[in-house]
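# Examination of the molecular architecture
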Amino acid sequence: MTARLRRALPHDLDAETRTLYDKITSGPRGGFMVDGEGGLTGPFNAMLLSPPVGDPLQELGAALRYRSTLTGRARELAILVVAGHQDSAFEQAAHEPIARHLGFTEEQVRALRDGSPLTLPDPGEAAVLAVARALVTKGDLDDEEYAALGERELFELTTLVGYYTTLALQLRVFRV
């Protein structure tokens with residue numbers, strides 16, 4: 001599969017786009033998202049197409065990853081549920097190592113990738129897994145699923161699922 005979007009290199013960017021590029025690359029995920037020529041990898045290259053939309057989108061992602069109340073393990077669980085459901089190879093490649101670093105086993109990572117049953121000993125993580133899987137499969141929650149998490153955590157989780165679903169769509173359309 002050939003990428004549809006040409007990689008934007010820093011020296012080719014206009015001032016508005018370069019400002020967004022600099023914002024993305026100077027943040028905590030910046031170094032990981034730059035290739036050997038200085039172009040952005042993953043979903044970030046597409047964000048440069050429209051700085052007025054790309055900047056708030058990347059800022060939402062930064063808020064979800066670095067400023068929400070979700071634990072790192074809860075966040076990675078949900079991201080990998082979305083990546084598995086959407087068959088997003090890039091997000092799996094980016095987030096499976098993070099999950100492993102946070103203590104997820106290979107068996108658990110595989111279950112998140114393929115959607116197979118997964119029993120987690122931590123009740124909070126089990127609730128995040130159940131809610132995230134319900135969101136990606138049904139697009140809604142029943143009353144029991146809704147009550148499994150606090151409202152703030154539920155708001156952050158539904159936003160995270162929506163954000164990573166958006167990224168998976170863009171990665172697929174632009175053939176990243």
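Details of the structure are given in the entry above.
So, how was this worked out
One numbering rule holds for all chains: residues counted from 1, following each sequence as written. Residue-level local features of this predicted model are given only where pLDDT is at least 70; pairs of side-chain atoms are given and counted only at 80 or more, and the full residue set underlies all totals for whole chains, interfaces and linings. Excluding hydrogens and water, the side-chain figures rest on all heavy atoms present in the structure. Only DSSP runs of H or I with at least four residues qualify as helices, and only runs of E with at least two residues qualify as strands; both kinds are numbered from the N terminus onward. The globule rule used for comparison is 2.2 Å times the number of residues to the exponent 0.38, while the radius of gyration itself is calculated over C-alpha atoms. Exposure is judged per residue with a 1.4 Å probe applied to protein chains only, and the accessible area is read against the type maximum: over 50% gives exposed, under 20% gives buried, and values in between give partly exposed. Here a polar contact is taken to be a pair of N or O atoms separated by no more than 3.5 Å, where protein atoms must pair a possible hydrogen donor with a possible acceptor and residues adjacent in sequence count only if both atoms sit in side chains. In what follows, residue pairs with any heavy atoms lying within 4.5 Å of each other are defined as contacts. Between N-to-C directions, angles cover 0 to 180 degrees, with each direction set by a line fitted to C-alpha atoms, over the stretch in contact for helices. Crossing handedness is read from the near helix: turned anticlockwise from the far helix by less than a right angle, it gives a left-handed crossing, and turned clockwise, a right-handed one. Gly is put with the polar residues, along with every residue not named as nonpolar or charged; the nonpolar set is Ala, Val, Leu, Ile, Met, Phe, Trp, Tyr, Cys and Pro, and the charged set is Asp, Glu, Lys and Arg. Ring pairs shown here join Phe, Tyr and Trp side chains whose ring centres sit within 6.5 Å, with only the six-membered ring taken for Trp; geometry is labelled stacked below 30 degrees between planes, edge-to-face above 60, and tilted in between. Placement of a charge over a ring requires the Lys NZ or Arg CZ to be within 6 Å of the ring centre, with the centre-to-atom vector within 35 degrees of the ring normal. These descriptions rest on fixed angle ranges, namely under 35 degrees for roughly parallel, over 145 for roughly antiparallel, 65 to 115 for roughly perpendicular, and the rest for oblique. Any carboxyl oxygen of Asp or Glu within 4 Å of a side-chain nitrogen of Lys or Arg constitutes a salt bridge here.

### Considering the overall build of the chain
Looking only at helices and strands, the chain features 9 helices and 0 strands. Counting from the amino terminus, the chain carries its helices and strands in the arrangement α-α-α-α-α-α-α-α-α. Its C-alpha atoms give the chain a radius of gyration of 17 Å, within 12% of the compact-globule value 16 Å for 176 residues. Across the 176 residues in the chain, those meeting the buried criterion constitute 46%.

### Considerations on the side chain of Glu76
With respect to the helices and strands, Glu76 occurs in helix 4 (residues 72-86). Assessed through its relative accessible area of 0%, Glu76 is described here as buried. Looking at Glu76, its side chain comes within polar contact range of the side chain of His95, at 2.8 Å. In contact with Glu76, not counting residues within four places along its chain, are Arg65, His95, Ile98, Ala99 and Leu102.

### A closer look at the environment of Glu153
Here Glu153 lies in helix 9 (residues 151-173). Taking the relative accessible area as the measure of exposure, Glu153 reaches 27% and is therefore partly exposed. Note: C-alpha distance between Glu153 and Val128 (25 residues apart in sequence) is 9.1 Å.

### With respect to the packing of helix 4 against helix 9
In the contact formed by helix 4 and helix 9, the axes pass within 9 Å of each other and the chain directions differ by 40°. The hand of the helix 4/helix 9 crossing is right-handed. Contact with helix 4, carried on its side by Arg75, Ala78, Ile79, Val82 and Gln86, involves Leu157, Leu160, Val161, Tyr164, Thr165, Ala168 and Arg172 of helix 9 and no other residues of that element. Across the contact of helix 4 with helix 9, the residue classes tally to 8 nonpolar, 2 polar and 2 charged.

### Regarding the packing of aromatic side chains
Aromatic rings considered in pairs are described by the distance between their centres and by the relative angle of their planes. Per the counting criterion, the structure on display carries 1 aromatic pair. For the ring pair Tyr163 and Tyr164, a centre distance of 5.0 Å and an interplane angle of 85° mean the geometry is edge-to-face. A single burial state applies to Tyr163 and to Tyr164, both of which are buried. It is Arg73 that lies over the ring of Phe104; its NZ or CZ is 3.9 Å from the centre.

### What about the packing of helix 3 (residues 51-66) against helix 9?
Axis separation between helix 3 and helix 9 bottoms out at 10 Å; the angle between their running directions is 135°. The angle between the axes of helix 3 and helix 9 places the two elements in the oblique class. Seen along the crossing, helix 3 lies across helix 9 with a hand that is left-handed. Every residue of helix 9 that contacts helix 3 at Leu57, Gln58, Leu60, Gly61, Leu64 and Arg65 is listed here: Glu156, Thr159, Leu160, Tyr163, Tyr164 and Gln170. Considering only residue class, the contact of helix 3 with helix 9 consists of 6 nonpolar, 4 polar and 2 charged.

### What to know about the pattern of salt bridges
Applying the stated criterion across every chain, the model contains 12 salt bridges. Residue Arg7 pairs with Asp35 through a salt bridge whose shortest N-O separation is 3.4 Å. Within this pair, whereas Arg7 is found in the segment before helix 1 (15-26), its partner Asp35 is found in the loop between helix 1 and helix 2 (44-47), the two being separated by 28 residues in sequence. When its relative accessible area of 34% is taken as the criterion, Arg7 is described as partly exposed. Overall, the relative accessible area of 24% leaves Asp35 in the partly exposed class. A salt bridge links Glu96 to Arg113, with the shortest nitrogen-to-oxygen separation between them at 2.8 Å. In this pair, Glu96 is assigned in helix 5 (residues 89-101) and Arg113 in helix 6 (residues 106-114), connecting sequence segments 17 residues apart. Looking at Arg113, the relative accessible area reads 33%, which means it is partly exposed.

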